[in-house]
Amino acid sequence: MITLHLLKDHRSAKLQTSGLQSCLKARVPATSSFTLTSTKANIMATNVDSWVLITGASSGFGEEFARQYAAKGHPLILVARRLDRLQALAAALQQQYNVKIIVEQADLSDMAAVHALHAGLRERAIPVEILINNAGHGLQGPLLDTPMQSALDILQLDIASLTVMTRLFGEDMRERGHGKILLVASMLAYFGVENMAVYGAAKAYVLRLGDALHREFKRDGVTVTSLCPGMSDTGFAQAAKQKITWGLKLLMMKPAPVVRAGIHALHAGRRSVVPGFNNKAAVAMVWATPRWLHQAIFARFMNG
């Protein structure tokens, strides 16, 4: 009788266990979905105090960086000259993602404005964890036909301002022992292209600065990555009075995948990234062909 009772209990336990297993199996998809949602929520909660400063945030890549980082739950510091566009972007992102956003109108070609921006954030005890050095502009045309001040303006914003921003905020990151800096260069950093001489040279400086600082800053726990986009649909070409040739149309990319590649490379700790297969192939041509040849080919692409 005792054995029979135990067998009955054993069978009952097996049935109960089997029923429980079936129930658990039936609920696996819901549990997995909950886990993914919970993980995403945890990541966004972690990012709540991780401030991202984006220069040139009123349009183009800067605007797209703001959108993608806001979607990840990061609080943002948006910097540009056009206050109305910054305010409109900030309002839209706050409504959509409910993130903290600070708008700073500044002309970063003015070194006093760069120092004032840095000092103001320090006074408010706002630590910049991620710096997106995106502000810059270019101009297409022969150097001898370009006003001298226009050429100097490119150097001031694309080189001097970027270097000072990197130095000031990089020092803060070193003190904390962590941080990330993305330098927006260009695919033209790899080429010397006629009619884009000053802009290409400025972006070559940005790329080489990033290469060196990637190793220098790494010792202090700070990541430096260079993003080298090709032709992109950002409005930059119109502002630079750049001719859109058939070759450039082949290389044209939307801002979203370019920015996504930059963010991924930065958070993966990479030294640099060239987004897009066609752009990668164009850069590979630098190493595979003589300088005179790839410069002639790319000059045709750029100028028609």
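Here is a short report on the structure shown in this document. (Residues numbered from 1 in each chain as written. Predicted model: local features only at pLDDT ≥ 70, side-chain atom pairs only at ≥ 80, totals over all residues. Heavy atoms only, no water.)

1. Here's the deal with the side chain of asparagine 279
- For asparagine 279, the position within the fold is in helix H11 (residues 277-288).
- Note on asparagine 279: relative accessible area 1%, which makes it buried.
- There is a polar contact of 2.9 Å between the side chain of asparagine 279 and the backbone oxygen of proline 275. (Helix = DSSP H or I, 4+ residues; strand = E, 2+ residues; numbered from the N terminus. Buried < 20%, exposed > 50% of the residue type's maximum accessible area, 1.4 Å probe, protein only. Polar contact = N/O pair within 3.5 Å; in protein donor to acceptor, adjacent residues only side chain to side chain.)

2. Points about the nonpolar core
- Formed by 44 residues in total, the largest nonpolar core has its most connected members in Leu53 and Ile77.
- Sequence-distant contacts of isoleucine 77, that is, excluding residues within four places in its chain, are made with Trp51, Val52, Leu53, Ile54, Ile102, Glu104, Leu121, Ile126 and Val128.
- Residues Ala57, Phe65, Ala66 and Ala90 belong to the second largest nonpolar core, which totals 29 residues. (Core = buried A, V, L, I, M, F, W, Y, C linked by side-chain atoms within 4.5 Å. Contact = heavy atoms within 4.5 Å.)

3. Digging into helix H6 (residues 148-176)
- Taking 1.5 Å of rise per residue, 29 residues should cover 42 Å, and H6 covers 41 Å from first to last C-alpha, within 8% of that figure.
- Along its length, H6 reaches its greatest deviation from straightness, about 35°, at glutamine 156.
- A positive phi of about 85° marks glycine 177, the residue just after H6. (Expected span 1.5 Å × (residues − 1). Bend = angle between axes of the 7 residues up to and from the residue.)

4. Section: the environment of valine 286
- With respect to the helices and strands, the residue valine 286 is situated in helix H11.
- Judged by relative accessible area, which is 14%, valine 286 ranks as buried.
- Along the backbone, valine 286 and phenylalanine 191 are 95 residues apart, and their C-alpha atoms lie at a distance of 7.7 Å.
- Apart from residues no more than four positions distant in its own chain, valine 286 is found in contact with Tyr190, Phe191 and His294.

5. Topic: the pattern of salt bridges
- For the structure on display, the rule yields seven salt bridges.
- Here arginine 67 makes a salt bridge to glutamate 63, at a shortest N to O gap of 2.9 Å. Here the residue arginine 67 and the residue glutamate 63 both occupy positions in helix H3 (residues 60-71), the gap between them amounting to four residues, near one helical turn.
- Arginine 67 sits in the partly exposed class, given a relative accessible area of 30%.
- For glutamate 63, a relative accessible area of 19% gives the class buried.
- For the salt bridge of aspartate 211 with arginine 271, the shortest nitrogen-to-oxygen distance reads 3.9 Å. Of this pair, aspartate 211 sits in helix H7 (residues 197-218) while arginine 271 sits in the loop between helix H10 (255-267) and strand S7 (272-273), and the two are 60 residues apart along the sequence.
- Owing to a relative accessible area of 17%, aspartate 211 belongs among the buried residues under this scheme.
- Taken together, the shared-partner salt bridges in this structure form one network comprising Arg208, Asp211 and Arg271. (Salt bridge = Lys/Arg side-chain N within 4 Å of Asp/Glu carboxyl O.)

That is the geometry; function is a separate question.
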